[in-house]
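# Topology and contacts: notes
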Amino acid sequence: MAILTAFRAISSLCYIALALGATYRQTDSHSGSGFLSAFSYEAIADPTHGRVNYVNAATASSQNLTFASGDHFVLRADSHTVLSPSGPGRNSVRLVSNKQYTTSVMVFNIRHMPQGCGTWPAVWTVGANWPNQGEIDILEGVNDQGPNQSTLHTNSGCTMPASRSQTGTSTGNNCDVAATGNAGCGVRINDNRSYGPAMNSNGGGWYAVEHTNSFIKIWFWPRGGSIPSDVANGATSVNTDNWGTPSAFFPSNSCPISSKFGPHNIVINCGDWAGAVYGSSGCPSSCVDFVNNNPSAFTDAYFDFQWLKIYG
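Counting starts from 1 at the beginning of each chain's written sequence and moves along it residue by residue. In keeping with the model being predicted, local features are shown solely for residues with a pLDDT of at least 70 and side-chain atom pairs are shown and tallied solely at 80 or more, while totals for entire chains, interfaces and linings include all residues. Excluding hydrogens and water, the side-chain figures rest on all heavy atoms present in the structure.

### So, the nonpolar core
Keep this limit in mind: Put simply, a nonpolar core is a bunch of buried Ala, Val, Leu, Ile, Met, Phe, Trp, Tyr and Cys residues held in one set by side-chain atoms that sit within 4.5 Å of each other. Exposure is judged per residue with a 1.4 Å probe applied to protein chains only, and the accessible area is read against the type maximum: over 50% gives exposed, under 20% gives buried, and values in between give partly exposed. Helix and strand definitions here come from DSSP, where helices need a minimum of 4 consecutive H or I residues and strands a minimum of 2 consecutive E residues; each element is numbered from the N-terminal end. The contact criterion used is simple: two residues touch if any of their non-hydrogen atoms lie within 4.5 Å.
With 44 residues, the main nonpolar core has Phe108, Leu152, Phe250, Ile266, Phe303 and Phe305 as its most contacted residues. Tallying contributions element by element places strand S19 (residues 302–311) first for this core, with 4 residues. Contact partners of leucine 152, with chain neighbours within four places excluded, come to Glu135, Ile136, Met160, Cys175, Gly184, Cys185, Ile216, Phe250 and Phe261.

Listed below in structure tokens is the structure:
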């Protein structure tokens, strides 16, 4: 009996450990003006050579490109200025978190994302010495071309199995930027409400990413859908075991995640795309001419975050 009791006790401890393995406690919570103290403005030339001019905090404030009120935090592109062809691109904002994160869960409650021709919005995380410490694109796309695609970018030696447990559709299984022309290993989220005008007309939704040494998972839940209560409520703890099959699943089977992904900063930016995809997106003129001459087309090129919760 003593042996049986001891066995049951050990089994219970193991069960608890396993159950708590997917339970995370809230470490950071950002809403409204809290974003301004948690993120810094990165006034740099666009690394992807878009027709965009990322401005500093003073310029963003004076031009109302960032705005916080209650539980609204808005960042947007300028929608008033006709640009000189020989001058800089359209003013916009690129924010980088002051803290870095490794293994963690992040939940983004987004009411609205930038939409319109010429826009290239993104919510992502990235390490130093790119791509050697990896990049995780949570929400990214161009020119209203939904649905969303979530993608990993790494150096060589990171691939994904062709078949894995996710609701999205893989667009490539080699995450090595050098081998894929920087395409990485992407997963298309099979819900039109995951991106652009369809997402906005539905009132937005939630994106979550779980980053462990064994896998990276990304979920999307549209507003009005079946959302886990801890996600919807921004609870002080979350249990990812209850979140169901992720939209995108990147396991470590043939990708040593702990060595391919270092400490990451969160990046939020509303960029202007100048790539070759513009011509196939049903948008008028050329990308550069459109961005230069149609400021009113960027009226809806803004993010509105209700909150960001981070768990560890």
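### A few points about the packing of aromatic side chains
The criterion, for reference: Working definition: a ring pair exists when centres of Phe, Tyr or Trp rings (six-membered ring for Trp) sit within 6.5 Å. Plane angles under 30 degrees give stacked, over 60 give edge-to-face, the rest tilted.
If you walk through the whole model with that rule in mind, you get 10 aromatic pairs. Seen in terms of ring centroids, phenylalanine 35 and phenylalanine 73 are 4.7 Å apart; in terms of plane orientation they differ by 5°. Their pairing is stacked. Of the two residues, phenylalanine 35 is situated in helix H2 (residues 34–38) and phenylalanine 73 in strand S5 (residues 72–76); the sequence distance between them amounts to 38 residues. Across the pair, phenylalanine 73 and phenylalanine 35 agree in class, each one buried.

### Remarks on the pairing of strand S13 (residues 185–188)
Selection rule: Any two strands are treated as partners once DSSP identifies two or more bridges connecting them.
Where strand S11 (residues 149–153) meets S13, 4 bridges bridge the pair, whose relative direction is antiparallel. When the sheet's bridge partners are listed, glutamine 149 is paired in S13 with arginine 188. Strand direction decides the pairing type here: strand S12 (residues 169–170) and S13, joined by 2 bridges, are antiparallel. Across the sheet, serine 170 pairs through a bridge with valine 187, a residue of S13.

### Observations regarding the pattern of salt bridges
The following threshold applies: Whenever a carboxyl oxygen of Asp or Glu lies within 4 Å of a side-chain nitrogen of Lys or Arg, that contact is scored as a salt bridge.
For the coordinates displayed, the defined rule picks out 6 salt bridges. Aspartate 28 is the partner of lysine 99 in a salt bridge, and the nearest nitrogen-oxygen pair spans 3.0 Å. Residue lysine 99 is found in the loop between strand S7 (94–97) and strand S8 (104–112), and its partner aspartate 28 is found in strand S1 (residues 23–30); the two are separated by 71 residues along the sequence. In this structure lysine 99 comes out as partly exposed when scored by relative accessible area, which is 42%. For aspartate 28, a relative accessible area of 10% puts it in the buried group. Between arginine 90 and aspartate 78 there is a salt bridge; the shortest N-O distance is 2.8 Å.

### Considering the state of the cysteines
Two cysteines, two sulfur atoms, one covalent bond between them: this is a disulfide. This is how it is decided: Cysteine sulfur atoms are paired as a disulfide whenever they fall within 2.5 Å.
Here the structure, examined in full by the defined rule, presents 3 disulfides. Paired through a disulfide, cysteine 158 and cysteine 255 show a sulfur-sulfur distance of 2.0 Å. Handedness of the cysteine 158-cysteine 255 disulfide follows from its S-S torsion of about -90°: it is left-handed. Remark: cysteine 255 occurs in the loop between strand S17 (248–251) and helix H7 (257–260) and cysteine 158 occurs in the loop between S11 and S12; sequence separation between them is 97 residues. A residue is classified by how much of its surface remains accessible, and cysteine 158, at 0% relative accessible area, is buried. Cysteine cysteine 270 shares no disulfide, and the gap to the nearest cysteine sulfur, in cysteine 287, comes to 12 Å. Looking at cysteine 287, it has no disulfide partner, and the nearest cysteine sulfur is the one in cysteine 283, 8.0 Å off.

### What to know about the environment of serine 92
Along the polypeptide, serine 92 turns up in strand S6 (residues 90–92). Since its relative accessible area comes to 0%, serine 92 is described here as buried. Serine 92 sits 14 residues away from aspartate 78 along the chain, and the two C-alpha atoms are 6.2 Å apart. Each residue touching serine 92, except ones within four places of it in the same chain, is listed here: Val52, Asn53, Tyr54, Val55, Leu65, Arg76, Ala77 and Cys270.

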